[in-house]
Amino acid sequence: MNKQILRMGAAATLLFAGSALAQEHWVATWTAAPLAANIPAAPAKPVAAPVAAGAPAAAAAKPGPAPVTSFNNQTIRMVVNTSIGGRRVRVELANTFGADRLKIGSAHLALRDHGSAIVPASDRKLTFSGLSSITIPAGASMISDPVDLSVPAAGDLVVSIYVPGDSGPPTQHVNGLHTTYISSEGDFTGHADFTAARTTTSWYFLSGVHVLAPADTGLIVAFGDSITDGSTSTIDANAAWPSVLAKRLHDAGVTNLAVVNEGIGGNRVLADGVGVSALARFDRDALAQPGVKYLVFMEAINDIGVATRAGATPVTAEEIIAIYKQMIAKAHMRGIKVIGATLTPYEGAGYYSESGEVTRTAVNQWIRTTGMLDGMVDFDLVTRDPANPKKFRPGFNIRDNLHPNDAGYKAMADAIDLSLFGVKAR
């Protein structure tokens, strides 16, 4: 009789534990779209048109440091800014575009103190399938075993990885917009701080950070090109519109919605540009993100601009919209709600043309009126100059007439109706 009671008690305990686990799931709190290394460290931007009389002149571009072509016996310490917090966390490392197997000697996760320094008590050594040193096959990624750590919402985490041998050209995200610290040689993954031999603003081999979150927690994936990636925003300021949206949700007390940025500067819808085309990377970069419930997409300005250059293949609004429809269908198959965003103005950019403006207008009209989307954000209306709708509003762009500045990105994030994501007005 006592044994039977014990068995019943043990079964009840297992049932309770299973029920508790069922009430939580993994949600991405930060991501970066992986890219091959055969692209410049600072992707070339279209040359700006001459500055109008009386307008502030753009600062002359300074040549950047040579891009990192490989790592060998080096530690890479990277800073990521979370959208939501959690009590357990794991990290995804990617060798997506590696030509060979990638050896990771060790990896650590910690809370950031300042600069390259971590909070020592928060340091956690990461393992992958129980191993502290792993080899990631070419084209693959690996997820770390979870560690207990009180991850703050809208806070900085530090991921440090040690590459003991020659990595070859690294899988990376070029436009990281955060300072990354690279050692001259040696494993410093567990050190509270180290003096960097060089810094960059790219992320290497790091594609995601996930937290264990309540069952009602969902993810918003922002998918697009450089205007989603945050080009020309301030370094280390989390000023891209997806980051500002995440902070806005956090400040509003919304704890069950994460936001991640899957933008790639120079990406295109109809063809490969910087990275493979939007549709070619869509399953990996958007649909596969853990916890995804919503997709906000804005992309095609590079297709329109490049197509109007001499010798380029023309593109039509219908061709662009056809790819949009494919992405919408794929997302809806997985129960993901899709929010389309209109393309922002670009008159004055190096690849602007009147024929391209006709195409942009047609694409935006479709986004505003189609019944295929679950919602719409009118970034064009928010950012355009009322006196000249083909151009950015004064104060939102002072550099290349293509990318917003910090104020422009904030206006975009602030214009998003949070009820699109089920957030009720307070």
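Engineer: Provide a residue-level description of the overall build of the protein chain, including the pertinent values.
Structural biologist: Assigned secondary structure in the protein chain consists of nine helices and 23 strands. Relative to its full complement of 426 residues, the protein chain shows a buried share of 51%. With an accessible surface of roughly 18,200 Å², the protein chain has 56% of that area assigned to carbon and sulfur atoms.

Engineer: Can you break down the environment of I227 residue by residue, with the values?
Structural biologist: Topologically, I227 is positioned in helix α2 (residues 226-229). Using a relative accessible area of 2% as the deciding quantity, one classes I227 as buried. A C-alpha to C-alpha distance of 8.4 Å links I227 and Y409, two positions 182 residues apart in sequence. Once you skip the residues sitting within four places of it in the chain, I227 turns out to touch W241, M298, T344, L402, H403, P404, Y409 and M412.

Engineer: Residues and numbers for helix α7 (residues 354-369), please.
Structural biologist: For α7, which comprises 16 residues, the first-to-last C-alpha distance of 23 Å matches the rise-based estimate of 22 Å (1.5 Å per residue) to within 8%. Restricting attention to buried positions, one finds in α7 the residues G356, E357, T359, R360, V363, N364, W366 and I367. Considering only its buried residues, α7 is in contact with α5 (301-307), α6 (317-333), β20 (337-341), β21 (375-377), α8 (379-383) and β23 (388-392).

Engineer: Give me the packing of α6 against α7: which residues, what numbers.
Structural biologist: Between two packed helices, what matters for the description is the angle formed by their axes and the separation of those axes. Packing of α6 against α7 brings their axes to within 9 Å, and their N-to-C directions diverge by 35°. Relative to α7, the crossing made by α6 is right-handed. Residues A317, I320, I321, Y324, K325 and I328 of α6 pack against T359, A362, V363, W366 and I367 of α7. Grouping the amino acids of the contact of α6 with α7 by side-chain chemistry returns nine nonpolar, one polar and one charged.

Engineer: Please give an account of the packing of aromatic side chains that cites residues and values.
Structural biologist: Aromatic ring pairs are reported here in terms of the distance separating the ring centres and the angle at which the planes meet. Counted according to the given criterion, the structure contains 11 aromatic pairs. Relative to Y351, the ring of Y346 has its centre 6.0 Å away and its plane inclined at 70°; by these criteria the two rings are edge-to-face. Taking relative accessible area as the criterion, Y351 reaches 3% and is therefore assigned buried. Feature note: the residues F71, Y204 and F205 constitute an aromatic cluster, connected by ring pairs.

Engineer: A description of the confidence of the model for the protein chain should follow, citing residues and the corresponding values.
Structural biologist: Mean pLDDT over the protein chain stands at 91; residues scoring 70 or higher make up 88%. In this model, residues 12-20 is a region of pLDDT below 50 whose contacts with residues beyond four sequence positions or in other chains number zero contacts.

Engineer: Describe in detail the pairing of β23, supporting the description with residues and values.
Structural biologist: In this sheet, β23 lies alongside strand β22 (residues 384-385) in antiparallel orientation, the contact comprising two bridges. Bridge pairing in β23 links R384 to F392. Counted between consecutive antiparallel strands, the loop separating β22 from β23 contains two residues.

Engineer: So, the pattern of salt bridges: which residues are in play, and what are the values?
Structural biologist: In the structure shown here, the tally under the stated rule is 15 salt bridges. Across the pair R112 and D156 runs a salt bridge, and its minimum N-O distance is 3.0 Å. Of this pair, R112 sits in strand β5 (residues 106-114) while D156 sits in strand β11 (residues 156-163), and the two are 44 residues apart along the sequence. The closest approach of N and O atoms between R360 and D380, which form a salt bridge, is 3.0 Å. Remark: D380 occurs in helix α8 and R360 occurs in helix α7; sequence separation between them is 20 residues.

Engineer: Let's hear about the side chain of T82: which residues, and what values?
Structural biologist: Looking at the element boundaries, T82 is found in the loop between β2 (74-81) and β3 (86-94). One polar contact links the side chain of T82 to the main-chain carbonyl oxygen of P152, over a distance of 2.6 Å.

Engineer: Account for unusual backbone geometry, with residues named and values stated.
Structural biologist: We note that F205 has phi near 65°; this positive angle belongs to a residue other than glycine. Tracing the chain through its elements places F205 in the loop between β15 (203-204) and β16 (206-214). With phi around 75°, T232 is a residue other than glycine that occupies positive phi space. Checked against the element boundaries, T232 lands in the loop between α2 and α3 (241-251).

Engineer: Before we move on, can you summarise α3 with the specific residues and values?
Structural biologist: Among the residues of α3, W241, P242, V244, L245, A246 and L249 are the ones counted as buried. For α3, the elements touching its buried residues are β17 (218-224), α2, β18 (257-263), β19 (292-298), α8 and α9 (406-414). G253 occupies a position one or two residues after α3 and carries a positive phi of about 80°.

Engineer: Describe the packing of α3 against α9, naming the residues involved and giving the relevant values.
Structural biologist: It is at 8 Å that the axes of α3 and α9 come closest, and there the two elements cross at 50°. In terms of orientation, α3 lies oblique with respect to α9. Crossing handedness for the pair α3 and α9: right-handed. Contacts between α3 and α9 involve W241, V244, L245 and R248 from the former and Y409, K410, M412, A413 and D414 from the latter. Split by residue class, the contact of α3 with α9 holds six nonpolar, no polar and three charged.

Engineer: Explain the nonpolar core to me, and be specific about the residues and the numbers.
Structural biologist: Core analysis: the largest hydrophobic core is formed by 99 residues, its most contacted members being W241, Y324 and F421. With eight residues, α6 is the single largest residue contributor to this core. Leave out the neighbours within four places in its chain, and Y324 touches V269, F297, E299, A300, L343, V363, W366 and I367. Within the second largest apolar cluster, six residues are counted, among which are A110, V158, Y181 and F194.

The rules we used
- Residues numbered from 1 in each chain as written.
- Predicted model: local features only at pLDDT ≥ 70, side-chain atom pairs only at ≥ 80, totals over all residues.
- Heavy atoms only, no water.
- Helix = DSSP H or I, 4+ residues; strand = E, 2+ residues; numbered from the N terminus.
- Buried < 20%, exposed > 50% of the residue type's maximum accessible area, 1.4 Å probe, protein only.
- Areas by Shrake-Rupley, 256 points an atom, 1.4 Å probe, with all protein chains shown as cover.
- Contact = heavy atoms within 4.5 Å.
- Expected span 1.5 Å × (residues − 1).
- Axes fitted to C-alpha atoms, helices over the stretch in contact; angles between N-to-C directions.
- Left-handed = near helix turned anticlockwise from the far one by under 90°.
- Nonpolar A, V, L, I, M, F, W, Y, C, P; charged D, E, K, R; others polar.
- Phe/Tyr/Trp six-rings, centres within 6.5 Å; stacked < 30°, edge-to-face > 60°.
- pLDDT = per-residue confidence, 0-100.
- Pairing = 2+ DSSP bridges.
- Salt bridge = Lys/Arg side-chain N within 4 Å of Asp/Glu carboxyl O.
- Polar contact = N/O pair within 3.5 Å; in protein donor to acceptor, adjacent residues only side chain to side chain.
- Parallel < 35°, antiparallel > 145°, perpendicular 65-115°, else oblique.
- Core = buried A, V, L, I, M, F, W, Y, C linked by side-chain atoms within 4.5 Å.

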